[in-house]
Structure formats: C-alpha cells, structure tokens
Amino acid sequence: MEKILEVKDLHVDFDTYNGVVHAIRGVSFHLNAGETLAIVGESGSGKSITVRSILQLLAKNGTISKGEILYHGDDLLQKSTKEMDDIRGNKISMIFQDPMTSLDPTMTIGKQVAEPLLIHNNVSKKDALKRAEEVLRLVGIPNPSARMNDYPHQFSGGQRQRIVIAIAIVDYPEILIADEPTTALDVTVQAQIIDLLKELQQKIGTSIIFITHDLGVVAGIADRVAVMYAGRFVEYGSVNDIFYNPQHPYTWGLLDSMPTLDTNEGSRLHSIPGTPPNLLNPPEGDAFAPRNAYAMEIDEEEQPPFFKVSKNHYAATWLLHPNAPKVTPPEGIMKRFAKYERLGGNVK
Amino acid sequence: MADERKVIVSVKNLKQYFNIGKPNEVKAVDDVSFDIYKGETFGLVGESGSGKSTTGRSIIRLYNPTDGHIYFNGQDISKIKSHGPKMKEFRREMQMIFQDPYASLNPRMKVKDIIAEGLDVHGLVKNDDERDKRVRELLDMVNLNPEHMTRYPYEFSGGQRQRIGIARALAVDPQFIIADEPISALDVSIQAQVVNLMQDIQKKQGLTYLFIAHDLSMVKYISDRIAVMYRGKIVELASADEIYKNPLHPYTQSLLSAIPVPDPEIEVKRTRIDFDHKRPFEDDQRLQEVMPGHFLYCNDEKAASFK
Ligand SMILES: Nc1ncnc2c1ncn2[C@@H]1O[C@H](COP(=O)(O)OP(=O)(O)O)[C@@H](O)[C@H]1O
Ligand SMILES: Nc1ncnc2c1ncn2[C@@H]1O[C@H](COP(=O)(O)OP(=O)(O)O)[C@@H](O)[C@H]1O
Ligand SMILES: [Mg+2]
Ligand SMILES: [Mg+2]
C-alpha cells in the first residue's frame, strides 16, 4: 500500500502567558492511499493540533518545534508559503466541526463551493459554477441548481455541513481531513454525513483522516485507528485490533466508559477517574499513570515505548513488556477479546 | 424503579408556543401529556429543536404555559405566579441542571456562593458556619474537594463544573431534578463519572430525574422509561428496554438505527432507516397506549391493530 502521508516525530509547542504548552510530544503516523484513519481521544489530547500542523494552520503562538511531514515523500515543513497555499484546499483539504464558522454568511453557496477551483485551477467562472452545482448534487443538496444563489442561513445544520464537504471535495483532494465533522449534528444527520463521506471516498478515491471523540463513529468509518492521549499516540492498529484486541489501559477505559445497548441496567459504568495532565509540565513517565488502575512503578518514571502487538498494531504501555506482570483487563474488554478470537485473531 | 408508582409530575395537554400570532410562531411543545413516577429516571430524547428543553423549562415554570396543566405532587402548578410565595416553595422541590457547565455558572462567584445561592434564597441556614458546613457536605457528596470551595469556576475542568452544577441543584434538598443534557458537553470518560454520580445520589436521596439528552445509548442506560419527542410532540413512550427492543414509531426506528455502536462488526451490518419528514403527523393521530405501558402517536385504527 502506498503511504501518501507520513508524519514523523511531530512536536508542537504553544507560547502562553503561563509558559510553554507542549501540546504535541512526538507523534508519528502514516496514511495509506484510499484508507480512512481515525484519530480518537478526549478533548485537549491534541487531535486538532496534529492535523492542523499538516496544513500549517496553527495559531500565531504555536510552533512546530520538531518533526517531518512527508507528503509523497516531500517534507511539507520545508515548503514556501506559496507552495503550501497551493496544497491547501486543493490536494489536502479540511472540514471543521462547526459548519457555520467555516461558511461565509455573506456569500452565496454556489460561489463558495466554486471558489477553490477559481483559486487553484485555470477554469472559467462559468465552468467552476457548473462544477459546484454537480458537487452540491453529489453531497445530497436537493435541487442544487435552484439553490446556488442561496445563503448559508437558508440551510439546516446538516445541509450546511454537506455544503462544507462540497467545498472541501470540489477539487477532488487526495487527502481529506475531517475534524469532528459530525459532533455538532443530530445522530440521524451524523449517520447521513458518515454515509456520504464513505460514498465519496469510493467515488473519488480520497484518503481520509477522521477526528472524533466518539468511538461509535470510529467503529463505523475507520480502517485504522490511532488513540491519542496528552499529546501522544498511545495505541494504533486496524479497527479490529483497537476494538477487539485493545492493549493500552486508556483504550480500555475509553471503550469501557461507553454503555453499549446491552449494558445492563444496575451495572455501573466504568469511568476513568481524574482528568488529563497539564501540558505546561508534562509528567516524566506515562502521562496516563495517575488515572491508570494498572499503573506500575515504572510508569511514574519512564515513558513507555511502543511495543508491537501484531503486524501494524502497537501500544505504548509497560504492560506489554516481557517482564510485566499479567493483568486482567476489565470484563467489558475480556468480552471484546473473545470476539477477537472468534474473528480469528490471537490475543497476546 | 418506582415500586408503588406514585406520580410526582403529571403533564396534561401542555402547549408552549412562542411568538404567538406572529409569522415566526413556534409550537415548541404542542399538546404533550405524560406522567413521571416518583423515584424513576424519565428520559426525554429527540433531535435538536424538537422541544425537549422547552418541555423541561415549562415544567419548572420558567415560562407561563400557553395551554394545559402541570401537576407536581398532585398540585396544579401551571398557573402559580412567577414571584409569589407558592413559586418559591415549589422551586425548592424542583431543580435544574444545565448542559453547558461553562455558561451555567457565574464566573465571578466563588464556588461556595454558587452552591449556597439556594440555601440563602430559602433561608435554609442560620449563619456562615452552618452555610460553609452544608457547602462542604455538598462538595463531598459530588466527589469534589471541600477545600476548593473558595475557588472560581474557571479553576475547574468541565466535568468538575458539572459536579458543581449538581451540588447547587442538590443544596435545597429537592425531590425532582430536571437535567437538560447534563453530559452532552463532556468527554466520554467524564460522562461516565457524572452519570455514576447522578445514579449514586438518586439512590441515596430517593430523587426523581427528568433526563433530557440526544445521546441515546446513555439515555437507555440511565432511564427507566423514555419518551421520544419530535417537532413538539411525544411520538412514543415506553420502558427503556421496550423502546429499544420494540420501537413502533417510524421516527423512533430511524433514531435508533442511527446510533453509532463502538463495535465494527455491528457497524458494518448497520442499515439506516430513513424517516420521511414531509408529513409526519395526521389529524386523527394522538398519543395512546397500544400495549401495557407502551404509548404510540397514531390513529385509532393503528392502535386497534395491537390489540
Ligand atoms: N493557541 C493555543 N495556545 C495555547 N494552547 C493551545 C492552543 N491551541 C491548542 N492548545 C492546547 O493544545 C492542546 C491540544 O489541543 P487540541 O489539538 O485542540 O485538542 P483536541 O482537538 O484533541 O481537543 C490542548 O491542551 C490545548 O489547550
Ligand atoms: N424563547 C424562545 N423563543 C422562540 N422560540 C424558541 C424559544 N425557545 C425555544 N424556541 C424554539 O422552540 C423549538 C424547540 O426548542 P428546544 O425546546 O430548545 O428544543 P430542544 O431542546 O429539543 O433542542 C425550536 O424551534 C426553538 O428554536
Ligand atoms: Mg479538536
Ligand atoms: Mg435543548
């Protein structure tokens, strides 16, 4: 499989009144052509900053202090502003959570969807508008020819998000980065938008990085999953690896704190105690240790490296060290292991 | 679950309209009736704009109902005056927790003053010592450090602020709490903390909850019974299990079919059921009990088909 994007040892810092926030602390991953990679983690874990770094869309006080971002082997961090402008919205485009803030309330939607074509390509205005109409139809806006001259406020929340998607895909980007595109939407609309993204991926072959904090959404859309905590990835693997053979106690906690529809009434939800660490002074050891019921002494002292679980599945937890004691994961996770075995995997 | 099934809140033909007579009139709640039993958690779900918050806010009398009645412990509270003594009395018994733990706490007030507001209004403590003692008790009850009572809201995380909101609601020892999307703004791991806390407190204090949400899996988990709201009407009402196992209204079916489940195998097989929003209601339809405890918005013929 071709790696179209590869992020290597990314570090991002923010200068703040209180000191330097180490928001991203050594993140590495790649994106294969045609796949959907989901990045999941709680708020503040660094999901948005990770993907914004790819397009160099950081706030003024933010700097990429280290790392490489290879797009077809070429480091984007070495590109000029002009070269980046050419890549953004054209080869790599992004969808944000709140459709209202990414649309211009004073511009008709036809013009907004056509705009990336006019900026990046040598097309006539007429052709661009024609293409905009096609794409609006593709994303499911009913009767697009009649609605090209309408303004964003004349559409429902779900329709606006479809328009945002239309803008992002009008130039058939190679990579589509979707940062919580459905979080603000109702579940029924969310389901429609996810189906739409899957369908578009089939049609135009885009590779997708999908950010969410909702593991249910991840299960439905991802080929591979990366779990993020306190500025680092803690586990990554195929969607089956992460849901049926999770190894990091944080992944266990996330999976276990969601009730499934067959969670019994009367049984308590498993919750992760405490809150994430302050990234002004990231802990020396495993950042999750203070909330981790399975933490060992070494977790306080030293950040665990990634251990290989199986081909393409890695987790950064000392529990995978050969000398670590055997622990029993929560009951809900044991059930997932059972499913993994049924699916033909072997639980380590 | 409520054993003796004593009704604590009864809503009868409630209508709550806004901008009446104007072109932008909204029938936010349009002829809704239901009972909430003492000690139960009654879940109210539906898409945004369906009228869930307005229902809650009408029950706690933040509005004057356009029509219909609200009974609390058998007493009609739908007409009592906003600033009268009766209102004050009943506000002690009924409290609300809000969605946004950032917007709902006054940033300029210390946590202890936020929590003690109700104590002061209702004259429930005699002096500062007693007041501080009660605030400490409440913070302890919601698993927050009582030493932090002199801090300000910004010094707390989202989940902690929601606990402060819960402590504030509990301060006056209410019987009934309306929780309007109390966990929607929180991360999953923190949601579980807050839900567990709410359930512990319910057991200890024998509270009744109206739990408003759009996250259906959490609602199923926390609720005894669930009402599904759509465009100002309740389209279905049944026990939590029944709603999930045997949804009858096409809107409920569509809503359930859209819940993402954290299990790839289930997700691959999932098929969405689309709901036709064009003509959702007919004139001959009303909410009626089609099976014991299972209410459906339908016409008489449809209802008879379940007999
Ligand atoms: N402009 C900024 N200044 C200071 N800190 C920032 C800034 N932007 C983001 N951060 C910090 O970086 C961390 C990661 O943020 P983000 O990537 O937005 O998280 P997520 O998308 O996972 O919720 C957070 O701790 C956040 O507070
Ligand atoms: N104070 C108000 N004035 C006018 N319209 C309102 C007011 N409050 C709510 N509405 C409208 O009533 C409908 C129901 O709103 P709401 O009860 O907030 O729905 P939900 O809580 O289910 O999202 C919506 O159309 C909303 O815009
Ligand atoms: Mg984000
Ligand atoms: Mg609401």
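Structure's up top.
This one's a predicted model, so the numbers in the text were calculated from it and none came from an experiment.

All names here are of chain B. Taken together, Phe18, Val26, Ala28, Glu47, Ser48, Gly49, Ser50, Gly51, Lys52, Ser53 and Thr54 make up all the residues around ligand 2. Lysine 52 is positioned with one of its side-chain polar atoms (N or O) 2.8 Å from an oxygen atom of ligand 2. Burial of ligand 2 by the protein amounts to 63% of the accessible area it has alone, namely 560 Å². Among the elements of the structure, β2 (26-37) and α1 (52-59) are those that each provide at least two residues to the shell around ligand 2. It is α1 that provides the largest number of residues to the shell around ligand 2, a total of three residues. Tallied by class, the residues present in the shell around ligand 2 amount to three nonpolar, six polar and two charged.

Next up on the list: the sheet that holds strand β4 (residues 62-71) of chain A. All names here are of chain A. The sheet built from four strands is open, its strands ordered β2-β1-β4-β5 with antiparallel pairing. Single-partner strands in this sheet number two, and they are β2 (19-32) and β5 (74-75). As paired strands, β4 and β5 are joined by two bridges and run antiparallel to one another. By the bridge assignment for β5, tyrosine 71 is matched with aspartate 74. Lying over the sheet, helix α1 (residues 47-54) contacts β1 (3-16), β2 and β4, oriented at roughly 115° with respect to β1.

With that settled, the discussion passes to the site of ligand 1. Residue and element names in this part refer to chain A. Residues in close proximity to ligand 1 total 13 residues, the closest being Gly44, Gly46, Lys47, Ser48 and Ile49. Between an oxygen atom of ligand 1 and a side-chain N or O atom of serine 48, the distance comes to 2.8 Å. Contact between ligand 1 and asparagine 61: a nitrogen atom at 3.0 Å from a side-chain N or O atom of the residue. For ligand 1, whose unbound accessible area comes to 560 Å², protein coverage reaches 70%. Among the secondary structure elements, those contributing two or more residues to the shell around ligand 1 are β1 and α1. In terms of residue count, the dominant contributor to the shell around ligand 1 is α1 (three residues). Each residue belonging to the shell around ligand 1 can be placed in one class, and the counts come to four nonpolar, seven polar and two charged.

All names here are of chain A. With six of its six residues buried, strand β8 (residues 207-212) lies for the most part within the structure. Covered by surrounding structure in β8 are Ser207, Ile209 and Ile211 together with Ile208, Phe210 and Thr212, the residues of both alternating faces. With five bridges joining them, strand β3 (residues 36-40) and β8 adopt parallel strand pairing. By the bridge assignment for β8, leucine 37 is matched with isoleucine 209. Regarding the hand of the β-α-β motif, the stretch spanning strand β7 (residues 175-179), helix α8 (residues 187-204) and β8 is right-handed.

All names here are of chain B. Unusually for a residue other than glycine, arginine 61 sits at a positive phi of about 65°. The residue arginine 61 is located in the loop between α1 and β4 (67-72) in this model. Of note, the phi angle at glutamate 181 is positive, near 50°, even though the residue is not glycine.

Attention now goes to the pattern of salt bridges. If you walk through the whole model with that rule in mind, you get 28 salt bridges over all chains. Across the pair Asp85(A) and Arg88(A) runs a salt bridge whose closest N-O atoms are separated by 2.9 Å. Across the salt bridge formed by Asp30(B) and Lys233(B), the nearest N and O atoms sit 3.3 Å from each other. Of this pair, Asp30(B) sits in strand β2 while Lys233(B) sits in strand β10 (residues 233-239), and the two are 203 residues apart along the sequence. Taken individually, Asp30(B) and Lys233(B) each receive the classification buried, so the pair is uniform in this respect. Via salt bridges that share partners, Asp195(A), Arg272(B) and Asp274(B) belong to a single interconnected network.

In sheet architecture, strand pairing relies on hydrogen bonds along the backbone and comes in two forms, parallel and antiparallel. Residue and element names in this part refer to chain B. With antiparallel pairing, the four strands of this open sheet are ordered in space as β2-β1-β4-β5. Each having just a single partner strand, β2 and β5 (75-76) make up the two edges of the open sheet. In this structure, β4 lies alongside β5, joined through two bridges in antiparallel fashion. Each residue of the ladder has a partner; that of phenylalanine 72, found in β5, is glutamine 75. The sheet strands contacting α1 are β1 (7-18), β2 and β4, and the helix crosses β1 at an angle near 115°.

Cut-off values and rules
- Residues numbered from 1 in each chain as written.
- Chains lettered and ligands numbered in written order.
- Predicted model: local features only at pLDDT ≥ 70, side-chain atom pairs only at ≥ 80, totals over all residues.
- Heavy atoms only, no water.
- Near = heavy atom within 4 Å.
- Polar contact = N/O pair within 3.5 Å; in protein donor to acceptor, adjacent residues only side chain to side chain.
- Areas by Shrake-Rupley, 256 points an atom, 1.4 Å probe, with all protein chains shown as cover.
- Helix = DSSP H or I, 4+ residues; strand = E, 2+ residues; numbered from the N terminus.
- Nonpolar A, V, L, I, M, F, W, Y, C, P; charged D, E, K, R; others polar.
- Pairing = 2+ DSSP bridges.
- Contact = heavy atoms within 4.5 Å.
- Axes fitted to C-alpha atoms, helices over the stretch in contact; angles between N-to-C directions.
- Buried < 20%, exposed > 50% of the residue type's maximum accessible area, 1.4 Å probe, protein only.
- Right-handed = clockwise from strand over helix to strand, strands pointing away.
- Salt bridge = Lys/Arg side-chain N within 4 Å of Asp/Glu carboxyl O.

All we've got here are geometric facts, nothing functional implied.
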